[in-house]
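Survey of secondary and tertiary structure
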Amino acid sequence: MAFLAQQTVNGIALGSIFALYALGFSLVLANLKVFHLAHAAVFAWGAVIAWQLIAVWRWPSLLGFAVAILLAGLLNVVAYYLLIRHLQRRRNLELAAFISSLGGLIVLTELAVLALDNKTVRLPFGTVPGGNLDIGGVRIAAIQVITLITAVVIFLLLRWLMDATELGREVKAAAFDRETAEMLGVNTERISALVFFLSGCLAAVGAILVALAFNVISADLGSVYVVTAFAVLVVGGFGSIRGAYAGGLLIGIVSAYATAYISSSYREVIVFGLLLAVLVLRPTGLFTVADAAGKA
Amino acid sequence: MANRGCLALLVSGAMVLAAAGCGGSDDDASPASSSGSSGGKTVTIGHLANLTGAASSLGAPYKKGIDLALADIEADGFLKGVGASLQIKTEDTGSTPTNAVTIFNEFERDGVAVTVSDGISPIALAIDPLANESKIPFITGAGSGTPDDDYEFHLSDVKTQYDELAPYLVSKGGPRVAAIVGTDNPAFPLLTANLKAGLEKSGGQIVATETVESGDTDFSSVLTNLQKADPDVVFISTLADQAGNVLAQMQQVGGFDGVLKTVQSGVSRVVADVAGAGATGVVLRPAWAPGAPGSEDFVTRYEAANSGDSPDTNAAFGYQSGWIIATAVKKALEGGGPVTGEALRPLIAEASTSAEVKQHGIIPDLVIPASGATTWPGVLSNFTASGNIEAVKG
């Protein structure tokens, strides 16, 4: 039983990171119906900036993380203006923006390769507190606790932001019908920029947690997880915050159980088998978004 | 999760197009440079170096090792008597087989007499058929190669070291060994199979095997599985970065106190750079390590030439390769023949056990047979608290 509980904790911790990553994709999807692939590179840059500030320039960790999160948010806003905004009046926006964003992914990733000299780097030892909790034979490492709490807090904050604030209502209105929202006085461009900013910040939070938990920062950090993010969105439901969070946890737990009870060799077969099963049995995902107004 | 598919596919596609585009215009290129194989006195070594990417932890020390060997060969006047000199042309593969193939083809066009690489098996396996076809010897630090009678020589001994290491693990740690094995490099499962064979002779056994892919970063579930198996020893058969990460996470999650840890012998001090204190005391049996008998002078000069960096087994492979090639070239010229790949091929095996290489080389018991599958007994070593790999004393 302790083994099952331990693997469940492992799965939830891993799934929390998947969820944070997918939440960024989901916000943009909900707002513009665009799969913003360059989000993967913004994710990597979040960790690269944190590394530059903390490991190279010796900034205090918390300050370095905060600045990295803000800069990743701004980078994503720049990506929006360069890659997406000018395509909005174009027919086939989704495809054009996807291809444009793919180009952005490649450029930003290659820039990260140059910044890191094609090396894998790490945050300094001791950036995350050591030790772990032992609850009934289940060990929860400090970084797992931090990851779980961060994911829950961000999920709740996003829900509050979208459900209980004027800003959230404007985001939903723009997602539902951009032109009508504009006629009603919503500044949709500002809303999109804000959504990209939030999405970029979320990417950096996820990337910093990856850097702390898995001890790795590389130019392709975001690309490593991008297919998993696809799976999370398919399972959870495109454009749904609840879906992205639940999908991330589910994929994380399935991944851990596959390793625990079948074999680590079959882990991806099982995870992506789940994706295919959801596509066949429930194409809208586990958390169906009844209509566009329910998104975000 | 290790899905880099999208980006890798695009980049690979671009590289294939680039390679195809370049190939067409070079049909009339000169087959050999004036400093190349036949007739020339300057013999060029083509170095497929993994200076960036996943195997950079192998490539950097190997380059420093072979550069030092070439400097020593020049300073010693080793080839002066036969009126020859060595030069090396180094190209970075980025640790990818596709780049390595492109670079090898360039080397062939440039007329290099012999090629070397620090070597990871996927690159070695990609280059082997090209080396055979072009009859240019390829000396790699990798552990896997194609069958006998070819132009490939791999320096990593994937078998003999485990005959020696297994009894040590059983006596110092215990009989129950759990393994974490990388699956996208054929050398890693092979090493594990050979450890298993060694353990069975020593009263030990592998009680759990967990596989990981090179892109995997989260090992929490794998480590929980290992804890369930209650091992005395954990064997990690992956590249250095990943081995370091596994060790770091073992320390992070706890529960492995008192378990002896060991890694495959091709790793570098990057393991300790990644794992920090988690690497201290980790055991391995590389071909060579600082502290091995007769190595003080090499260590001192290597450190002096490289800003205090300590050499490792990859540096030793580079150094040894340099002296083996120099000796083979010398023998070819003394025999009155040209310094071609075909001429060098049998001489490389012969040179590995020659008096010259025994005198100047750093791994005295390294033997390259005609088959190319090198053997060496290795040096029982561990990671010190400062992160260096050093021979275990006593």
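These numbers come from a predicted model, not from an experiment.

Quick notes on the overall build of chain B
- Scanning chain B from N- to C-terminus turns up 13 helices and 12 strands.
- A total of 394 residues make up chain B; the buried ones form 56% of that total.

A short note on the confidence of the model for chain A
- Chain-level statistics for chain A give a pLDDT mean of 89 and a share of 97% at 70 or above.
- Long-range and interchain partners of residues 290–296 of chain A, a stretch whose pLDDT sits below 50, account for 19 contacts in this model, where long-range means more than four residues apart.

What to know about unusual backbone geometry
Residues and elements named next belong to chain A.
- Phi angles above zero are rare outside glycine, and Arg58 is one such case at about 60°.
- Counting through the fold element by element, Arg58 comes out in the loop between α2 (39–56) and α3 (61–84).
- Looking at Arg58, the number of C-beta atoms within 10 Å reads 9, which means it is exposed.
- Even without being glycine, Asn215 reaches a positive phi, approximately 60°.
- Note on placement: Asn215 falls in the loop between α8 (188–214) and α9 (221–236).

With respect to the sheet that holds strand β3 (residues 114–117) of chain B
Residues and elements named next belong to chain B.
- Read across the open sheet, the 5 strands follow the order β2-β1-β3-β4-β5; overall the sheet is parallel. Single-partner strands in this sheet number two, and they are β2 (85–92) and β5 (152–154). Direction aside, the axes of adjacent strands within the sheet are offset by 20° on average.
- Here β3 runs beside strand β4 (residues 138–140); their pairing, made up of 3 bridges, is parallel. Within β4, the residue paired with Val116 across the bridge is Ile139.
- Its contacts with the sheet put helix α2 (residues 56–76) on β1 (42–49), β2 and β3, and the angle it makes with β2 is roughly 165°.

Observations regarding the interface of chain A and chain B
- Of the residues lining the interface, 35 residues belong to chain A; the matching set on chain B comes to 34 residues.
- The class makeup of the residues in the side of chain A that touches chain B is 16 nonpolar, 13 polar and 6 charged.

As for the domain arrangement of chain B
All names here are of chain B.
- For chain B, the domain assignment lists domain 1 (29–156 + 299–360) and domain 2 (160–286).
- Computed over C-alpha atoms, the centres of domain 1 and domain 2 are 31 Å apart.
- Contacts between the two partners involve 16 residues from domain 1, matched on the other side by 15 residues from domain 2.
- Among the elements that line the side of domain 1 that touches domain 2, the one with the most residues is α2, at 3 residues.
- Classifying every residue of the side of domain 1 that touches domain 2 by side-chain character gives 7 nonpolar, 8 polar and 1 charged.

So, helix α4 (residues 121–134) of chain B
Residues and elements named next belong to chain B.
- With 14 residues, α4 extends 20 Å between its outermost C-alpha atoms, agreeing within 8% with the 20 Å of an ideal straight helix rising 1.5 Å per residue.
- Within α4, the axis deviates most sharply at Ile127, by approximately 30°, and proline Pro129 lies no more than four positions further along.
- On the buried face of α4, the contacting elements are β1, α3 (97–110), β3, β4, β5 and α6 (187–202).
- Lys135, located one to two residues past α4, shows a positive phi value of around 55°.

A few points about the nonpolar core
- Grouped together as the largest cluster of nonpolar side chains are 223 residues, with contacts concentrated most on A:Ala44, A:Ala47, A:Ala50, A:Ala72, A:Ile208 and B:Val271.
- Residue contributions to this core reach at least three from each of two domains, namely domain 1 (29–156 + 299–360) and domain 2 (160–286) of chain B.
- Setting aside anything within four residues of it in sequence, one finds A:Ile208 in contact with A:Gly46, A:Ala47, A:Ala50, A:Phe65 and A:Ala68.

So, how was this worked out
Residues numbered from 1 in each chain as written. Chains lettered and ligands numbered in written order. Predicted model: local features only at pLDDT ≥ 70, side-chain atom pairs only at ≥ 80, totals over all residues. Helix = DSSP H or I, 4+ residues; strand = E, 2+ residues; numbered from the N terminus. Buried ≥ 20, exposed ≤ 12 C-beta atoms within 10 Å, placed from the backbone. pLDDT = per-residue confidence, 0-100. Contact = placed C-beta atoms within 7 Å. Pairing = 2+ DSSP bridges. Axes fitted to C-alpha atoms, helices over the stretch in contact; angles between N-to-C directions. Nonpolar A, V, L, I, M, F, W, Y, C, P; charged D, E, K, R; others polar. Domains from an automatic or database assignment. Expected span 1.5 Å × (residues − 1). Bend = angle between axes of the 7 residues up to and from the residue. Core = buried A, V, L, I, M, F, W, Y, C linked by C-beta atoms within 7 Å.

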